[in-house]
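# Secondary and tertiary structure notes
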Amino acid sequence: MLTDNYRITASASLENAISLPFSVYRDQDVYTQEMERIFRNDWVFVCFEQEIPDVGNYFALELAGESIAIIRGNDGHIRALSNNCRHRGTPLLDEGFGSIEKLIVCPYHAWAYDDKGALKGAPFSGTVKIEKEEHCLPEFLLGIHLGMVFVHLGDAVTPLESRLSGLAEFAAVFQPERFDSASESTREIWQANWKLAMENAMESYHLFKVHTKTLETVTPTKQSYYVAGSAEWTLTGGKMIDNSSAFSKWFRGDYPEAYEHYLLVSLPPNFVGIMTYDSFGWLSVNPTSFDQCEIRAGAIFSGGHGVEDSTAKEFTQAFFEEDKWICERVQRGMRSQNGSGGKLVEMERVVVDFHQYLASRLFGEVGDGFFENPDDTVFKNYN
């Protein structure tokens, strides 16, 4: 069950912030409450609209026990439909990406639905009359922001645009509307609590140690900084090491200083992305049990300028393996009955924001509010 210790540590400000109690990463009751109060009651990232660009394209997944299909219909609109047949509950579409030719047909008894969820046919029903309008697939709330598709399984008190208000202003310098293509995403299962995976993905404090030969060589820890954020979303940034030749630098000419930096976007509960002028790489965290989560990762970019060449793929896979290794190692540490976490440092302010998000959703606590780094002049100049 949720504890006062969880509430107190999660709601602390940076000056008093410490790691969360180890038990919240290994407790089934805590996990159950997080699924109910967070993943079934907030806007949760599911995919990018660029991943389902054509009519009939879909992405099917299980989220907090709910089988969902994200479908681009014949009218071009994207919808989030229940992926359970209204007959006896069979999942309709296989998990992952695919395309519907005409109808969604149940693999059990062939009940068929259109791309809006309307029941179109139920074979061999005999003398029993089936009221089709009473057997449509339920539709969930869906929102899109900067190409990111979010689903809300409950009743959204706060609209998505309000929840993410102000985010696009900081990203505008990179012109993310140019990113019209998507790489093929990868999927992994990590033996780690979902919160550990999120905390690891959003902070740059560990790069110099865990990613010595990978990320640290291009996005060094010492050049990372906090941009702006709150419990709702956080932006951190950093200056990238430019290894291009003098000729390449001369050829491309002058460009905004921000193009030498990355913008790391943290959107709780389950999305972290890194935006540059060339692409928007990302990962999502989908909890599957208290000590396991599904990690999906990919990138969007401008068509014709692919970012996933063989060298990039090898580099990405290398640092993902490092992240998986450290997250699973930390999860083993959470078994300790006597251990407790220590102070969070200034570079972990983004983690403090994430903890305050947890406190707001689980306990109704009010966070510190929006903070914009007064020393950041890289992105603020373009707001």
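In the block above lies the structure referred to throughout.
Residues numbered from 1 in each chain as written. Predicted model: local features only at pLDDT ≥ 70, side-chain atom pairs only at ≥ 80, totals over all residues. Heavy atoms only, no water.

### Some points on a nonpolar patch on the surface
Here is the rule we go by: Surface patches are defined over residues having more than 30% relative accessible area and no salt bridge, joining like charges when they lie within 9 Å and nonpolar side chains (Val, Leu, Ile, Met, Phe, Trp, Tyr) when within 5 Å. Surface accessibility follows the Shrake-Rupley procedure with a 1.4 Å probe radius. Residue values consider only the protein chains on display as shielding. Here a salt bridge means any side-chain nitrogen of Lys or Arg lying within 4 Å of a carboxyl oxygen belonging to Asp or Glu. Counting from the N terminus, the helices are DSSP H or I runs at least four residues long and the strands are E runs at least two residues long. A simple rule labels every residue: compare its accessible area, found with a 1.4 Å probe on the protein chains alone, to the largest value its type can have, and call it buried under 20%, exposed over 50%, or partly exposed in between.
Taken together, the side chains of Y205, F208, V345 and M347 present a nonpolar region at the surface, about 320 Å² in accessible area. Inspection of the secondary structure puts Y205 in the loop between helix 5 (194-202) and helix 6 (207-210). On the accessibility criterion, Y205 (33% relative accessible area) is partly exposed.

### Focus: the layout of surface pockets
As a reminder of what qualifies: Only protein atoms enter the 1 Å grid, on which a cavity is a set of points fitting a 1.4 Å probe that cannot get out and a pocket is an open set with protein on both sides within 12 Å along at least 5 of 7 lines, lining residues being those with an atom within 4 Å of a point. Grid points are joined across faces, edges and corners, and a volume is the space filled by probe spheres set on the points.
Quantified by volume, the second largest pocket comes out at close to 500 Å³. Lining the second largest pocket are 23 residues; nearest its centre among them are L196, E199, E203, V330 and E348.

### Regarding the environment of A299
Tracing the backbone shows A299 in strand 18 (residues 292-301). With a relative accessible area of 6%, A299 lands in the buried category. A C-alpha to C-alpha distance of 41 Å links A299 and N338, two positions 39 residues apart in sequence.

### Digging into the sheet that holds strand 8 (residues 119-121)
The test is simple: Any two strands with at least two DSSP-identified bridges between them are counted as paired.
Spatial strand order, 6-7-8: three strands in an open sheet with antiparallel pairing. Two strands lie at the open edges of the sheet, namely strand 6 (104-105) and strand 8, each paired on one side alone. Where strand 7 (residues 112-113) lies against strand 8, two bridges are found, and the strand directions are antiparallel. By the bridge assignment for strand 8, A112 is matched with G121.

### Some points on the pattern of salt bridges
Throughout the structure, instances matching the rule amount to 12 salt bridges. A salt bridge links R7 to D4; its shortest N-O distance comes to 3.9 Å. Taken as a pair, R7 and D4 lie in helix 1 (residues 4-10) at a separation of three residues, close to a single helical turn. In this structure, D42 engages R163 in a salt bridge whose closest nitrogen and oxygen atoms are separated by 3.3 Å. Placement of the pair is D42 in the loop between helix 2 (28-39) and strand 1 (43-48) and R163 in helix 3 (residues 160-163), with a sequence separation of 121 residues. Through salt bridges with shared partners, a single ionic network connects D42, R163, E232 and R361.

### So, the pairing of strand 3 (residues 66-72)
Extensive coverage of strand 3 is indicated by the burial of seven of its seven residues. Along strand 3, one buried face is formed by E66, I68, I70 and R72 and the opposite face, lined by S67, A69 and I71, is buried too. Note: strand 2 (residues 57-63) against strand 3, six bridges, orientation antiparallel. From the neighbouring strand, E62 faces strand 3, where its bridge partner is S67. The turn linking strand 2 back onto strand 3 is made up of two residues, and A64 within it adopts a positive phi angle of 50 degrees.

### Re the packing of aromatic side chains
Using the following cut-off: A pair of aromatic rings is counted whenever rings of Phe, Tyr or Trp (Trp by its six-membered ring) have centres within 6.5 Å, and the orientation is called stacked for planes under 30 degrees apart, edge-to-face for over 60 and tilted otherwise. As a reminder, the over-ring test applies to NZ of lysine and CZ of arginine, requiring each to be within 6 Å of the ring centre and within 35 degrees of the ring normal.
Under the definition given, this model contains 21 aromatic pairs. Taken together, a centroid distance of 6.0 Å and an interplanar angle of 90 degrees make the contact between W194 and F354 edge-to-face. Within this pair, whereas W194 is found in helix 5, its partner F354 is found in helix 9 (residues 349-363), the two being separated by 160 residues in sequence. Given the relative accessible area of 0%, W194 is considered buried. One aromatic cluster is present, formed by F45, F48, F150, F271, F280 and W282 through successive ring pairs. Against the face of Y277 rests R178, its NZ or CZ located 4.0 Å from the ring centre. Between the NZ or CZ atom of R296 and the centre of the ring of F59, over which it lies, the distance is 4.4 Å.

### Observations regarding the sheet that holds strand 3
Rules: Every angle, taken between N-to-C directions, lies between 0 and 180 degrees, and every axis is a line fitted to C-alpha atoms, over only the stretch in contact when it is a helix.
A sheet is described by the order of its strands in space; here seven strands give the open sequence 1-10-9-4-3-2-5, paired in antiparallel fashion. Every interior strand has two partners, whereas the edge strands, strand 1 and strand 5 (96-99), have only one. Between one strand axis and the next, the sheet turns by 30 degrees as a mean value, whatever way the strands run.

### Re the pairing of strand 1
Successive side chains on a regular strand alternate, one facing one side of the sheet and the next facing the other. Counted residue by residue, strand 1 has six buried out of six residues, so it is predominantly covered. Note that strand 1 and strand 10 (residues 148-152) share five bridges and pair antiparallel. Its bridge partner lying in strand 10, F45 is registered against F150.

### Considering the packing of helix 2 against helix 9
Where we set the bar: Note on angle classes: values under 35 degrees are labelled roughly parallel, values over 145 roughly antiparallel, values of 65 to 115 roughly perpendicular, and the remainder oblique. Whether two residues are in contact is decided by their heavy atoms, any of which lying within 4.5 Å being enough. Side-chain classes follow a simple rule in which Ala, Val, Leu, Ile, Met, Phe, Trp, Tyr, Cys and Pro form the nonpolar group, Asp, Glu, Lys and Arg form the charged group, and the remainder, Gly included, forms the polar group.
The geometry of helix 2 relative to helix 9 is characterised by a closest axis approach of 9 Å and an angle of 90 degrees between their N-to-C directions. By the angle between their axes, helix 2 is roughly perpendicular relative to helix 9. Packed against helix 2, whose contacting residues are Q33, E34, R37 and I38, the element helix 9 presents Y357, L358, R361 and L362 at the interface. The residue inventory of the contact of helix 2 with helix 9, partitioned by class, reads four nonpolar, one polar and three charged.

### Brief notes about helix 9
Spacing of three or four residues puts side chains on the same side of an α-helix, whose turn is 3.6 residues. To keep things clear, this is the line we draw: To estimate the expected span of a helix, count its residues, drop one, and scale the result by 1.5 Å.
Given a rise of 1.5 Å per residue, 15 residues ought to cover 21 Å, and the 20 Å separating the end C-alpha atoms of helix 9 matches this to within 8%. Burial analysis of helix 9 places 12 of its 15 residues in the buried class, which makes it a mostly covered element. Along helix 9, the positions that sit buried rather than exposed are V350, V351, V352, D353, F354, H355, Q356, Y357, L358, A359, S360 and L362.

Take it as geometry only, folks, not as evidence of what the structure does.
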